[in-house]
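Descriptive analysis of the structure
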Amino acid sequence: MFNNIPKLIIFLIFLSVYGHSQEIWHESFSVPEKGVWGGNGVSDIQKDFEGISTWTLNYSGITLVDSEDYAKTVATSGGRFECRGLNGEVVWYSEEIDISDYKNVRVQLIAQETGSGANEDKKFLAAFYTLDNNSEILFETNGHNLGDWGLDTASQSGINGNKLQIVVYMRNFYSSDKVILDEVVVNGEEKNPVVIEPNDVLISEVLFNPLPEGADYVEIYNNSAKEISLNRLYLASRDDDLELTQVYLLSTLKKKFMPQDYLVLTKDTNEVFPWFTIKCKECFLQMPKFPSFNNDEDYVVLLNENLKVIDELHYTDKLHSPLLADEEGISLERISFSKETNNQENWHSASSTSGYGTPGYKNSQFEIEDVAKSLVTFSPESFSPNSDGYNDEFKIHYELEKAGYIANAWIFDSMGRLVLKLAQNEILGTNGDMIWTGEDETGQRQNLGAYIVLLEIFDTTGKVHRFKNGVVLTGIME
């Protein structure tokens, strides 16, 4: 009769009463069939702990007859740890949990049994903890659960120290009963809490209309001098009534988001990596649940642990460059962190030269400070594409005073004949390079001699800049 209560009621009550605390550690046993079970004989114990790193099990004091006798995780109720038909007791140990940054730490776990067996020596769950490798201490509330107890929440509060370990002794001799351990949660108050305020973390880039085989992503930027724990941030959207919806925690882990770092949030990195240049795989966070953002218009909302908005973007597909025939697979990039998030002029399509997205690093359209007018340089005067490591390519470098420029570039020979369209209606970033390796459009190496380079950059307002330069294609350069 208690099968569905632990996940739905007990845990919610805990969150409502102790919601002001920060979650430090949580084990919900979501991976089934991890533990031990019987085989074909009394001494034949089967085991599987592959992939389990957050807890261990001492089963040296038991015998198991067959597969129906076990101490393992099961899929019931979203995952839990069960004991059945044990001749002896098992001891479950959490990993050592670092609580040095917290005070008034509280531990709770669900202790449950099913069946009618009432012998307290043969059916029990006893919850202890150790602090800084000292002796075991029984939980102050429902530490001992004996015989036919039903359902209890065992807990211990007021823990202060550095290293915490949870120890649970379990036995269930009865083959028709179960002893269950579930939802082991550690919470505490941060000793020196970091207050996450508006504009501390900013939305930097959004891919809301991915390719059919791709996935949405939201890039965020730590705009503060604070080390911010990811388990204190939420990503959300809004419904038609502008109420918050799909409010999802970034991570249950206390991973630090460092100042001036970028972080890309997505539901599946395998649906992002193939489509973009990935410079920092560690700058991605695959969230267990990720909001579904519309392809034409929606809201991206960042929240702190109190569900207060710290940044929010209302986007539409109209923020993309009007010269794009199709916005699919093209991200929307923020131009400046000092300008308002919902300033429409603060967003632009990622440059085509960047691959239409820069997840995990500086945006291609990011505003360059102290650039009053567009600067273009051509180098070197002569180049020899012979792979000797010296002047192997001709480079056009540009630094633009604003985002939104489009480029055309052509290479002509000394007779004025077109050799190569180096760029054709390319969406530029605010800075970058165009490279010519001395080949034409078919990949054929061109003859030695002088060539003319023309560059044209323009924006949607009709502003045009034109540049011209000469370059010599040579052989081996001394």
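The following refers to the structure shown. Treat the numbers as computed from the prediction; the structure is a model and nothing was measured.

Conventions adopted
- Residues numbered from 1 in each chain as written.
- Predicted model: local features only at pLDDT ≥ 70, side-chain atom pairs only at ≥ 80, totals over all residues.
- Heavy atoms only, no water.
- Patch = residues over 30% accessible without salt bridge, like charges linked within 9 Å, V, L, I, M, F, W, Y side chains within 5 Å.
- Areas by Shrake-Rupley, 256 points an atom, 1.4 Å probe, with all protein chains shown as cover.
- Salt bridge = Lys/Arg side-chain N within 4 Å of Asp/Glu carboxyl O.
- Buried < 20%, exposed > 50% of the residue type's maximum accessible area, 1.4 Å probe, protein only.
- Helix = DSSP H or I, 4+ residues; strand = E, 2+ residues; numbered from the N terminus.
- Contact = heavy atoms within 4.5 Å.
- Pairing = 2+ DSSP bridges.
- Disulfide = S-S within 2.5 Å.
- Phe/Tyr/Trp six-rings, centres within 6.5 Å; stacked < 30°, edge-to-face > 60°.
- Lys, Arg positive; Asp, Glu negative; His and termini not counted.
- Charge placed at Lys NZ, Arg CZ, Asp CG, Glu CD.
- Core = buried A, V, L, I, M, F, W, Y, C linked by side-chain atoms within 4.5 Å.
- Polar contact = N/O pair within 3.5 Å; in protein donor to acceptor, adjacent residues only side chain to side chain.

Considerations on a nonpolar patch on the surface
Taken together, the side chains of Leu244, Val247 and Leu307 define a hydrophobic patch exposed on the protein surface, amounting to about 210 Å² of accessible area. With relative accessibility at 44%, the residue Leu307 sits in the partly exposed group.

A look at the side chain of Ser251
Note on placement: Ser251 falls in the loop between strand 20 (244-249) and strand 21 (256-257). The exposure class assigned to Ser251 is buried, which follows from its relative accessible area of 10%. Sequence-distant contacts of Ser251, that is, excluding residues within four places in its chain, are made with Leu230, Asn231 and Leu285.

So, the sheet that holds strand 32 (residues 418-427)
Hydrogen bonds between backbone groups are what pair the strands of a sheet, and the pairing can be parallel or antiparallel. The mixed open sheet is built from five strands, whose spatial order is 29-35-34-31-32. With one partner strand each, in any of the chains shown, strand 29 (382-383) and strand 32 form the two edges of the open sheet. One ladder, built from six bridges, connects strand 31 (residues 406-413) with strand 32; its direction is antiparallel. Bridging from a neighbouring strand, Ile406 pairs with Ile427 of strand 32.

Concerning the state of the cysteines
Counted by the stated rule, this structure contains one disulfide. The partner cysteine of Cys280 in its disulfide is Cys283, sulfur to sulfur 2.1 Å. Judged by the sign of its S-S torsion, about 75°, the bond between Cys280 and Cys283 is right-handed. Just as Cys280 is buried, Cys283 falls in that class too.

Focus on the packing of aromatic side chains
Enumeration according to the criterion identifies 22 aromatic pairs in this entry. On the basis of an interplanar angle of 85° and a centroid distance of 5.6 Å, the ring pair of Tyr217 and Phe276 is categorised as edge-to-face. Taken together, the residues span a long stretch of sequence, with Tyr217 in strand 17 (residues 217-222) and Phe276 in the loop between strand 22 (262-266) and strand 23 (284-286) at a distance of 59 residues. We classify Tyr217 as buried; its relative accessible area is 0%. Phe276 sits in the buried class, given a relative accessible area of 10%. Taken together, Phe29, Phe49, Trp55, Tyr59, Phe81 and Trp92 form an aromatic cluster joined through their ring pairs.

Details of a negative patch on the surface
A cluster of acidic side chains, namely Asp239, Asp240, Asp241 and Glu243, defines a negative patch on the protein surface. Summarising the element assignment, Asp239 is placed in the loop between strand 19 (234-238) and strand 20.

So, the pattern of salt bridges
Applying the stated rule across the entire model yields 18 salt bridges. Measuring nitrogen to oxygen at the nearest pair gives 3.0 Å for the salt bridge that ties Lys123 to Asp177. Placement of the pair is Lys123 in strand 10 (residues 123-131) and Asp177 in the loop between strand 14 (163-172) and strand 15 (178-190), with a sequence separation of 54 residues. It is possible to trace a salt-bridge network through shared partners that takes in Arg80, Glu82 and Lys178.

A closer look at the environment of Ser414
Residue placement: Ser414 occurs in the loop between strand 31 and strand 32. Given a relative accessible area of 58%, Ser414 falls into the exposed group. Separated by 38 residues in sequence, Ser414 and Ile452 have C-alpha atoms that sit 6.8 Å apart.

Focus on the nonpolar core
In this structure, Trp92, Leu109, Ile166, Met170 and Leu181 are the most contacted members of the largest nonpolar core, which totals 37 residues. Sorting elements by how many residues they give to this core places strand 9 (residues 102-114) first, with five residues. If we skip the residues at most four places from it in the chain, Ile166 touches Trp25, Trp92, Tyr93, Ser94, Ile97, Val107, Leu109, Phe128, Tyr129, Phe139, Val184 and Val186.

Things to note about unusual backbone geometry
The peptide bond linking Ser379 to Pro380 adopts the cis configuration, its omega dihedral lying at -10°. Here Pro380 lies in the loop between strand 28 (375-379) and strand 29. Positive phi, close to 50°, is recorded for Asn425, a residue that is not glycine. Assignment of secondary structure puts Asn425 in strand 32.

Describing the environment of Phe467
With respect to the secondary-structure elements, Phe467 resides in strand 35 (residues 464-473). You can call Phe467 partly exposed: its relative accessible area is 22%. Along the primary structure Phe467 and Leu57 are separated by 410 residues, whereas in three dimensions their C-alpha atoms are 72 Å apart.

Overview of the side chain of Thr341
Here Thr341 is to be found in the loop between strand 26 (332-334) and strand 27 (347-349). Under the relative-accessibility criterion, Thr341 is labelled buried at 4%. Within the structure, Thr341 has its side chain in polar contact with the side chain of Arg334 (distance 3.0 Å). Leaving out residues up to four positions away in the same chain, Thr341 has contacts with Asp311, Glu312, Leu313, Arg334 and Trp347.

Read these as geometric descriptors, not functional statements.
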